[in-house]
Every structure is written in structure tokens, then in C-alpha cells.
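# Examination of the molecular architecture
Listed below, chain by chain, are the residues.
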Amino acid sequence: MDLSYTPEEEEFRARLAKWLGTTLPTLPPKPSPDDWPARRAYDTGWQRMLYDAGYGEVHWDASPTLRLIFLEETEKAGAPYVGANFVGLLHAGPTIAAEGTPGQRARWLGPILRGDEVWCQGFSEPGAGSDLAALRTRAWRDGDQYVVSGSKIWTSHAEVADWCELLVRTDPDAPKHRGITWLAMPMDADGVTVRPLRTLAGSAEFAEVFLDEVRVPVANRVGAENDGWRVTMVTLSFERGTAFVGEVVACRRVLAELARAARDDGRWDDPGLRRRLGRLNAEFRALWRLTQWNVSEAEASGSVPGVGGSVFKLRYSHARQELYDTAADVLGTGCLDLDRPWVLDRLSSLSYTIAAGTSQIQRNIVAERILGLPKGR
């Protein structure tokens, strides 16, 4: 497989890098990490700048390779992350682009790309995390509307979101993977209650969402009724296949900074630490090549990432945790100081083997769908 870039792709890279170099110095200071309304305004303002410069559509109208280049160059330049609207740009938007009707694409994709509307993800429930198909949030038809009751947890940025990509059970008598439907729910609908959750790191980007007979138009259903699990696999393929690309670049940068810090404080003399840094360097170089392979496969198969994303997600989650455990060794007692670099990142890394599908689930996917092993009994 050819992993090299075409002249046209390299021209796109150079043009984007030049635009970033002139634009980033003009940005206002970043708001406080705890001020999510201000962070929403900052993040969506950046998205509008990308849109006006012609880079907004790169998240799904461009080829997978151009998306890879975009994520690589923006991370290398230190550009703002998608932030408060990562669900819209990296999960819901690509899913609607792939599975939505022309009317749905016209209604939702433009506002996401312009930064006008923010989305959150209503998938996990208190009793349906790793086993997502066990979800119990119920929706029943009432004319041209669904009536939804239940609850969701770990709903990213629900407190500042306009829309929610919501999984509901529309046929409780069907096998659990076949009675699920994917809905776009307005967050300002009657019956929606949001309660923020505070994480180990002290941030509150997650929330519980309680749904009490919320009415959602049938027109907001993406895909057929009871076909939501298949649509969800499209969403999760984006979440596991391309959403972490920028983070791989960031981890490679952190690794270089760790090596410099170890040299400065004398810890570089420890051969064990040097071996760990060298192994991590090889690990992230391999992950980057795997990312390129996954993107090339997506390009050949219609722009939707395949199950190779689970291989990436599985290894990346553990590599990220190993990276920040190594950072703690370099920091020494400083790893207990929340104001030091990498400390909050280390705390957040603990969730990576759970978020976007636990490592146990990813191993099952790799075993069954790639290796062809039989399903567990």
C-alpha cells in the first residue's frame, strides 16, 4: 500500500501551514478551562474562521487523506482543538454525512461546519457503558414524533450543546442489537435535564442527562427505525478511526519534550528511562503509520474508517497511559502538582482505556471481525 502523499496533497499541506502561520497569532487568549460557555464561544469562533478560509468542509467533504493532513498540521501548529464541538465535527457530522438524507445533511452539516451549533453524544447509560447495546432509554412512536424517556451519562459538553446524537430503544422485544434507533434530539426540548459531572481532574465537560417524555420528530431519525446499531457502528468507526489523529501528533510532541526535560534534570542518565522513551518513540511512530494505513483503507472503501480503527484505539489508549506514566517519573514529586505540565493530561489518560469503547470491547472486535475467531459464549 502506498502511504506517500500526492503533489496535490502536499500543496494542500503547504497552503494550510501558511494560513495557520499568519492566523494563529491573531487569536484572542484562551478562556478559563472551567468556563464552558466561554470555551464554546472560543471553539466555535475558531471553527468559523476555518470555515471562512475554506477549511471547514475538511472534516467530511474532503478525502480521508486531506483530513489526516489537516489534523496533523493544525496540531503541529498548536491550533485550537475542536473542543466543545468535537462530537459534531468528528462523530455526529460525519455520521449524518454518511447516513443522513439530503434534507438532514442540508439542515445540520452547515451549522456544524460554521460553528453555529454544538452537539453532544447521548450513548452511554448507567447500566450500558461497555455493553452499549444494553441501553434502556425508551422511545415510542406517537404520530410523527418519538416520545423518549430514560437517562444518559458521560454526555460530553451537554451543558453547552444545541443537539444530541441520541441512541434509544424503539423495540424492546427485538434482540438487543436490533431494536435501537439513532435520533438527533434538540437539547432545549421540554423534558431534558442536564446535570454536570466533575472529573478526577476537576473539570466538568461531562454530564448526566435525564429525559422525561421528550418529544423528538421522526424526521430527526438518521437511518431506519431499529437500524440504529448499524448507524452507531458508523459513528464509532469515526470515533475510533480518525478522531484521535491529532492526539497522536500531540503525544509525539510531548515525548520530545519529556526527553528534553530528562536531559535538563539529570534523569537522562537512567538507562531504564531511556529505554522507555525509545520504546514509546517507536510505538507512536508505528501508530502514525497505522493511522495512515487506516486512512488509505477508508479512502479505498468509501471514506468510512474500518475495523482497523479498533486496533488503533486499543494500542493508542495504552500507549498514551504509558507516556504519561513516564512523564510522572520525569517530574518526580512534581507529578502531584496540578499546575505542572502533563499532570492533568496524566489524569485524563486514565479514561482512555474506557472512553470510545473499552479495551476489552476492542479486543473482542479485533478477535471476531479481523481474526475471524468465534464469538464468546
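Above this note sits the structure.
Residues numbered from 1 in each chain as written. Predicted model: local features only at pLDDT ≥ 70, side-chain atom pairs only at ≥ 80, totals over all residues. Heavy atoms only, no water.

## Looking at the overall build of the protein
- Of the regular secondary structure elements, the protein holds 11 helices and 8 strands.
- Put simply, the protein has 377 residues, and 51% of those count as buried.
- Restricting to contacts in the protein with at least 6 residues of sequence separation, those with at least 24 account for 72%. (Helix = DSSP H or I, 4+ residues; strand = E, 2+ residues; numbered from the N terminus. Buried < 20%, exposed > 50% of the residue type's maximum accessible area, 1.4 Å probe, protein only. Contact = heavy atoms within 4.5 Å.)

## Digging into empty space enclosed by the protein
- Using the criterion set out here, one finds 2 cavities of 30 Å³ or more in the structure.
- For the largest cavity, the calculated volume is near 180 Å³.
- Looking at the largest cavity, it is lined by 17 residues, and the ones nearest its centre are Leu 71, Thr 74, Pro 80, Tyr 81 and Val 82.
- Those elements giving two or more residues to the lining of the largest cavity turn out to be α2 (36-52) and α3 (64-76).
- Here the lining of the largest cavity gets 5 residues from one element, more than from any other, and that element is α2. (1 Å grid on protein atoms, 1.4 Å probe; cavity = no way out; pocket = protein on both sides within 12 Å on 5 of 7 lines; lining within 4 Å. Points joined across faces, edges and corners; volume = space filled by probe spheres on them.)

## Let's talk about a nonpolar patch on the surface
- A cluster of nonpolar side chains, Val 311, Ile 370, Leu 371 and Leu 373, forms an exposed patch at the surface whose accessible area comes to about 330 Å².
- Mapping Val 311 onto the fold places it in helix α9 (residues 308-331).
- The exposure class of Val 311 is partly exposed, given its relative accessible area of 31%. (Patch = residues over 30% accessible without salt bridge, like charges linked within 9 Å, V, L, I, M, F, W, Y side chains within 5 Å. Areas by Shrake-Rupley, 256 points an atom, 1.4 Å probe, with all protein chains shown as cover. Salt bridge = Lys/Arg side-chain N within 4 Å of Asp/Glu carboxyl O.)

## Quick notes on the side chain of Thr 74
- The residue Thr 74 is located in helix α3 in this model.
- At 2.8 Å, the side chain of Thr 74 forms a polar contact with the backbone oxygen of Phe 70.
- Setting aside anything within four residues of it in sequence, one finds Thr 74 in contact with Leu 20 and Ala 79. (Polar contact = N/O pair within 3.5 Å; in protein donor to acceptor, adjacent residues only side chain to side chain.)

## Quick word on the state of the cysteines
- Taken as a whole, this structure holds 0 disulfides when the rule is applied.
- Here Cys 120 stays unpaired: no disulfide links it, and the sulfur of Cys 164, its closest cysteine neighbor, is 3.9 Å away.
- Residue Cys 120 is classed as buried on the basis of its relative accessible area, which comes to 0%. (Disulfide = S-S within 2.5 Å.)

## Some points on the side chain of Ser 156
- Relative to the elements of secondary structure, Ser 156 occurs in the loop between β3 (145-152) and β4 (163-169).
- The residues touching Ser 156, leaving out its near neighbours within four places in the chain, are Phe 86, Val 87, Trp 119, Cys 120, Gln 121, Glu 205 and Phe 206.

## Here's the deal with the packing of α2 against helix α5 (residues 102-114)
- Between α2 and α5, whose axes approach to 7 Å, the crossing angle comes to 105°. In terms of their interaxial angle, α2 and α5 are classed as roughly perpendicular. Taking contact as the criterion, the partners of Thr 44, Gln 47, Arg 48 and Tyr 51 in α2 are, on α5, Ile 112, Leu 113 and Arg 114.
- Each residue belonging to the contact of α2 with α5 can be placed in one class, and the counts come to 3 nonpolar, 2 polar and 2 charged. (Axes fitted to C-alpha atoms, helices over the stretch in contact; angles between N-to-C directions. Parallel < 35°, antiparallel > 145°, perpendicular 65-115°, else oblique. Nonpolar A, V, L, I, M, F, W, Y, C, P; charged D, E, K, R; others polar.)

## What to know about unusual backbone geometry
- Phi is positive for His 157, which is not a glycine, with a value near 60°.
- Along the chain, His 157 falls in the loop between β3 and β4.
- With relative accessibility at 4%, the residue His 157 sits in the buried group.
- Here Glu 213, not a glycine, exhibits a phi torsion of approximately 50°, which is positive.
- Of note, Glu 213 is situated in strand β7 (residues 206-217).

## Here we look at the packing of aromatic side chains
- Counting across every chain of the model gives 7 aromatic pairs.
- With centroids separated by 5.9 Å and ring planes inclined at 85°, the aromatic side chains of Trp 108 and Trp 119 adopt a geometry described as edge-to-face. With Trp 108 in helix α5 and Trp 119 in strand β1 (residues 119-122), the pair connects residues that are 11 residues apart, well separated along the chain. We note that Trp 108, like Trp 119, is buried.
- Ring centres 5.9 Å apart and planes at 25° place the aromatic pair Trp 119 and Trp 163 in the stacked group. Highlighted residues: Trp 119 in strand β1 and Trp 163 in strand β4, separated in sequence by 44 residues. Of the two residues examined, Trp 119 and Trp 163, each falls in the buried class.
- A connected cluster of aromatic rings, assembled from ring pairs, spans Phe 12, Trp 19, Trp 46 and Tyr 55.
- For Arg 39, the ring lying beneath its charged end belongs to Trp 36, and the centroid distance is 3.9 Å.
- Against the face of Trp 268 rests Arg 263, its NZ or CZ located 4.0 Å from the ring centre. (Phe/Tyr/Trp six-rings, centres within 6.5 Å; stacked < 30°, edge-to-face > 60°. Lys NZ or Arg CZ within 6 Å of the ring centre and 35° of its normal.)

## Focus on the packing of helix α4 (residues 86-99) against α5
- Two elements in contact, α4 and α5, have axes whose closest approach is 10 Å; the angle formed by their N-to-C orientations is 160°. Classified by the angle between their axes, α4 and α5 sit roughly antiparallel to one another. Our pair here, α4 against α5, has a crossing hand that is left-handed. On α5, the residues touching Gly 88, Leu 89, Gly 93, Ile 96 and Ala 97 of α4 are Gln 104, Arg 105, Trp 108, Leu 109, Ile 112 and Leu 113.
- A breakdown of the residues in the contact of α4 with α5 according to their chemical character gives 7 nonpolar, 3 polar and 1 charged. (Left-handed = near helix turned anticlockwise from the far one by under 90°.)

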